[in-house]
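Working through the structure, step by step
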Amino acid sequence: MLRWRQTIALAIAVILHGCTEPDSSLKAPLPATAEGLVGSTWQLDEITLEFGAPPALTISGKALPFGKPAKGEFVVHDGIIEITAFGRARGGTWDGRSMVIDGIDARFVSKK
C-alpha cells in the first residue's frame, strides 16, 4: 500500500513539475521588440497568432467567427505589446521569452 501511494505521489509531482516549467522549445530569448516577433507563431488558448513584418498579424483558430483566419495588427514598445483585431485592442507584455496577453500566458509554437 505504501509503494502505491509513493507511486501516485511521484506521478503527481512529475505532472505538476511539467505544468510549471517554461516552454523549452524557445531555447534563447528573441529580441524584445516587434521585429523579434517576426516569423514567430504563438498559441493563446484556442487562438493562434502568426506575426509578420510589423504591424502585420494573422489570427486563426476555433474561437474566431466563421473559422477563417483574420488580419490584425501589433505594436511593441518598451515591453508592452498591443494587438488590434476586430476593432478591439488587447494589451500585454513581451520580454523576448514570454508573452502575456490580457493576463493569459501565450505558448511559443515556432519561429520561421
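Whatever comes next refers back to the structure up there.
Given the structure is predicted, the values throughout are model-derived calculations rather than measurements. Counting restarts for each chain, with residues numbered from 1 along the sequence as it is written. Local features in a predicted model are, by the rule used here, given only for residues with pLDDT of at least 70; side-chain atom pairs are given and counted only at 80 or more, and totals for whole chains, interfaces and linings are based on all residues. Hydrogens and water are ignored here; the side-chain numbers use all heavy atoms of the structure.

Residue Pro55 follows Pro54 across a cis peptide bond; omega there is 10°. One can find Pro55 in the loop between strand 2 (47–51) and strand 3 (56–61). Even without glycine at this site, Asp45 takes up a positive phi of about 55°. A positive phi angle, near 50°, is found at Asp102, a position not held by glycine. Helix numbers and strand numbers start at the N terminus; a helix is a DSSP run of H or I with at least 4 residues, a strand a run of E with at least 2. With respect to the helices and strands, Asp102 occurs in the loop between strand 7 (99–101) and strand 8 (104–111).

Within the fold, Ile83 resides in strand 5 (residues 80–85). Separated by 10 residues in sequence, Ile83 and Glu73 have C-alpha atoms that sit 5.8 Å apart.

Purely geometric numbers; function is a separate question.
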